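# Per-entry structural report
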Amino acid sequence: MKKLSFAKSLASVGLAAVCALGIVGCSEQTSDTPTYTGGVAATVNGVEIPEDKVTQAIQDIRAQMSLTDEDAWGKWLAENDYTPESVREEIVNSYVDQELVKQGADSEGITADSAQVDQYVETMRGHYDSDTAWAEALEAVGMTEDEYRDNISLSLVSQQLQQKVGEGAAEPTDEEVLESAKTYVSSYDGAKKSSHILFEASDEAQAQEVLDKINAGELDFATAAESYSKDTASAAEGGNVGWDRLSNLVTEYTTALADLNKGDVSGLVTSTYGIHIIQCTDVFEAPEELTSLDQLPTEFQDSIRAMLQSSNQSNAYYSWLEEQRNAADVQINDMPEGLPYWVDMANYSKTETSTDGTGVTAVDADGNPIVLDEETAEGEGEGAEAPVAEGVDEGAEGAEDAAAAAADEAAADAEGAAPAGDDAAAEQPTEGAADGAQPAEGAAE
């Protein structure tokens with residue numbers, strides 16, 4: 001049975017919402033960190049990683065996964081092919097990678113912009129109804145706001161470092177884009193491209209008047225968008241908001257668009273942004289066999305090309321990280337006795353849930369082991385979700401820049417532990433959040 005990495009197992013219960021897929025970074029060594037055994041877990045070019053820091057990270061993980069009971073912890077470890085030693089190894093390796101990132105960034109003169117850190121923190125805090133709810137969300141994942149800021153800073157530094165390292169990554173060829181497109185083309189089938197005119201909620205009378213003129217042929221849709229739409233970014237392009245499969249559109253918008261054929265215009269559609277008039281401008285029908293990029297709209301080609309380029313940059317970054325580790329003086333010390341997460345694994349045995357070798361072990365929201373189909377876990381197969389190019393909705397007025405800070409999916413899926421905080425800038429504590437991430441003005445959810 002194939003085992004998910006410890007980081008991916010954690011992602012299924014939401015801990016990655018603030019700790020990133022690199023596992024650690026949410027548990028910094030502070031004056032409040034308990035003393036467990038003392039000592040040093042590892043050194044990286046002379047920089048010490050305290051054993052208590054590693055221990056606290058594991059203890060926070062156990063608390064988040066509701067595995068503080070020794071028996072529950074032992075069973076979970078057994079079901080997921082882990083031991084206390086292998087868990088410690090992954091945590092230590094993540095901290096080693098984190099330190100290498102810090103040292104690499106220092107050598108390149110890369111720092112985090114404090115104003116950008118403040119912006120992220122304020123954005124995340126804005127998702128909660130009160131300061132108390134925000135504090136409780138941080139406490140639930142074992143963090144203070146200062147530690148959260150440190151995570152954001154490390155994330156921003158890591159992203160800049162990735163960009164710098166990835167500058168020399170090869171651009172995907174047309175042949176590579178075509179081969180990848182063959183995987184995704186079926187997921188684009190039935191995609192709809194649309195334009196909209198957005199009015200204030202209080203302007204229903206004007207919206208109806210404009211709609212009547214459009215339907216009567218007295219007013220061109222694109223001209224009306226340029227003249228009346230409060231979504232000024234899309235209005236400059238005749239109201240164009242692009243393809244629905246490349247955008248995150250609010251539910252009311254997608255529901256109305258689903259009923260439109262090419263050339264159709266909707267009635268008045270009300271959403272949290274106001275009143276929309278929507279026109280379906282194109283519908284994509286996937287060919288039975290994709291033999292040329294010309295069979296795909298340019299937006300789909302660009303999306304796939306961006307995904308492949310991001311993957312190439314990520315591969316370059318992880319190659320760099322491996323080179324840094326090979327060149328670094330890394331000393332990992334033996335696991336000490338008396339750690340609170342240690343259990344005698346001789347008392348626990350694995351219950352096989354798959355006999356064909358294709359199952360992948362993970363955990364559900366309650367921390368109970370589940371088995372995922374391997375293709376689902378790896379994101380492969382014919383039903384793979386279509387890639388979305390970064391920034392496809394940034395033209396919509398009011399779109400938040402935070403979305404662009406997310407580390408690419410290829411990096412998150414790379415084997416081994418990513419540097420902690422790798423995509424923390426795009427993550428947030430979720431428990432008690434009021435609304436979650438805010439949608440782009442007028443279109444994106």
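Note: the structure precedes this text.
Read on for an overview of the structure. Remember, predicted model here, so these are calculated numbers, not experimental data.

### Overview of the side chain of serine 271
As for its placement among the helices and strands, serine 271 is situated in strand S6 (residues 265-271). In this structure serine 271 comes out as buried when scored by relative accessible area, which is 10%. At 2.7 Å, the side chain of serine 271 and the side chain of histidine 276 are in polar contact. Not counting the four nearest positions on each side in its chain, serine 271 is found in contact with Val250, Glu252 and His276.

### Considering the packing of aromatic side chains
Remark: the centre distance and the inter-plane angle together describe each pair of aromatic rings, the angle taken between the planes. Under the counting rule described, the total for this entry stands at 10 aromatic pairs. Here the aromatic rings of tryptophan 243 and phenylalanine 300 are separated by 5.0 Å at their centres, their planes lie at 50°, and the arrangement is tilted. A residue pair is termed long-range when its members are at least 10 positions apart, and tryptophan 243 in strand S5 (residues 240-243) and phenylalanine 300 in helix H14 (residues 298-327) qualify at 57 residues. Each member of the pair, tryptophan 243 as well as phenylalanine 300, is classed as buried. Arranged with centres 5.3 Å apart and planes meeting at 85°, the rings of tyrosine 317 and tyrosine 318 form a pair that is edge-to-face. Across this residue pair, the class does not change: tyrosine 317 and tyrosine 318 are buried. Three or more aromatic residues link up through ring pairs in this structure, and these residues are Tyr188, Trp243, Phe284 and Phe300.

### Points about the environment of threonine 55
Tracing the sequence through the fold places threonine 55 in helix H3 (residues 51-64). For the pair threonine 55 and tyrosine 341, spaced 286 residues apart in sequence, the C-alpha to C-alpha distance is 7.7 Å. When residues no more than four places from it in sequence are discounted, the contact partners of threonine 55 are Tyr36, Leu339, Pro340 and Tyr341.

### Structural notes on the nonpolar core
Core analysis: the largest hydrophobic core is formed by 37 residues, its most contacted members being Val54, Trp73, Leu77 and Ile91. Contributing elements (two or more residues each) for this core: strand S2 (40-44), H3, helix H4 (70-79), helix H5 (84-108), helix H8 (145-165) and H14. Formed by 16 residues, the second largest nonpolar core is a distinct cluster that contains Val185, Leu246, Phe284 and Leu296.

### Quick notes on the pairing of strand S7 (residues 274-283)
The element S7 is extensively covered by neighbouring structure, given that 7 of its 10 residues are classed as buried. Sheet analysis places strand S4 (residues 192-199) next to S7, joined by 8 bridges and oriented antiparallel. When the sheet's bridge partners are listed, leucine 198 is paired in S7 with histidine 276.

### Some points on the environment of glutamine 295
Tracing the backbone through its elements, the reader meets glutamine 295 in the loop between S7 and H14. A sequence separation of 110 residues divides glutamine 295 from valine 185, and the C-alpha atoms of the two residues are 9.9 Å apart. Of note is the side chain of glutamine 295, whose polar atom sits 3.3 Å from the backbone oxygen of glutamate 289.

### A short note on unusual backbone geometry
One non-glycine residue with positive phi stands out, namely asparagine 45, at about 50°. Within the secondary structure, asparagine 45 sits in the loop between S2 and strand S3 (47-50). A relative accessible area of 38% means that asparagine 45 is categorised as partly exposed. Although it is not a glycine, serine 66 adopts a positive phi angle of roughly 55°.

### Description of the packing of helix H9 (residues 174-188) against H14
In contact at an axis separation of 9 Å, H9 and H14 are set at 115° when each is read in the N-to-C sense. For the pair H9 and H14, the sense of crossing is right-handed. For the pair formed by H9 and H14, the contact residues are Asp174, Glu176, Val177, Ser180, Ala181, Tyr184 and Tyr188 on the first element and Phe300, Gln301, Ser303, Ile304, Arg305, Met307 and Leu308 on the second. Considering only residue class, the contact of H9 with H14 consists of 8 nonpolar, 3 polar and 3 charged.

### Quick look at H5
The end-to-end C-alpha distance of H5, which contains 25 residues, comes to 36 Å, matching closely the 36 Å that a straight helix rising 1.5 Å per residue would cover. Of the residues one or two after H5, glycine 109 is the one with positive phi, at around 70°.

### Some points on the packing of H5 against H8
With their axes 10 Å apart at the nearest point, H5 and H8 run at an angle of 65° to one another. If you check the angle between H5 and H8, you find them roughly perpendicular. For the pair H5 and H8, the crossing hand works out as left-handed. Along its contact with H5, which presents Gln98, Val101, Lys102, Gly104, Ala105 and Glu108, the element H8 presents Leu154, Val157, Ser158, Leu161 and Lys164. Of the residues contributing to the contact of H5 with H8, the split by class is 5 nonpolar, 3 polar and 3 charged.

Calculation notes
Sequence positions are assigned chain by chain, starting from 1 and proceeding in written order. Two thresholds apply to this predicted model, a pLDDT of at least 70 for residue-level local features and 80 or more for giving and counting side-chain atom pairs, whereas whole-chain, interface and lining totals are computed over all residues. Side-chain descriptors were evaluated using all non-hydrogen atoms of the structure, hydrogens and water having been removed beforehand. The helix count covers DSSP runs of H or I at least four residues long, the strand count covers runs of E at least two residues long, and both are numbered beginning at the N terminus. When accessible area is computed with a 1.4 Å probe and restricted to protein chains, residues below 20% of their type maximum are described as buried, those above 50% as exposed, and intermediate ones as partly exposed. Any pair of nitrogen or oxygen atoms within 3.5 Å is treated as a polar contact; in protein, a donor-acceptor pairing is required on top of that, and neighbouring residues in sequence qualify only through side-chain atoms on both sides. We call two residues contacting when some pair of their heavy atoms lies within 4.5 Å. Centres within 6.5 Å make a pair out of two Phe, Tyr or Trp rings, where for Trp the six-membered ring is used; the pair is then stacked when the planes are under 30 degrees apart, edge-to-face when over 60, and tilted otherwise. Here, the term nonpolar core denotes a set of buried Ala, Val, Leu, Ile, Met, Phe, Trp, Tyr and Cys residues that are joined through side-chain atoms within 4.5 Å. When DSSP finds two or more bridges between two strands, those strands count as paired. To obtain an axis, a line is fitted to C-alpha atoms, over the contacting stretch when the element is a helix, and the angle between two such axes runs from 0 to 180 degrees between their N-to-C directions. Definitions for this section: a left-handed crossing has its near helix turned counterclockwise from the far helix by less than a right angle. A right-handed crossing has that turn clockwise. We call Asp, Glu, Lys and Arg charged. Ala, Val, Leu, Ile, Met, Phe, Trp, Tyr, Cys and Pro are nonpolar, and the rest, Gly among them, are polar. Here a helix's expected span is defined as the number of its residues, less one, multiplied by 1.5 Å. The labels follow the angle: roughly parallel below 35 degrees, roughly antiparallel above 145, roughly perpendicular from 65 to 115, and oblique for the rest.

In short, shape yes, function no, at least from these values alone.
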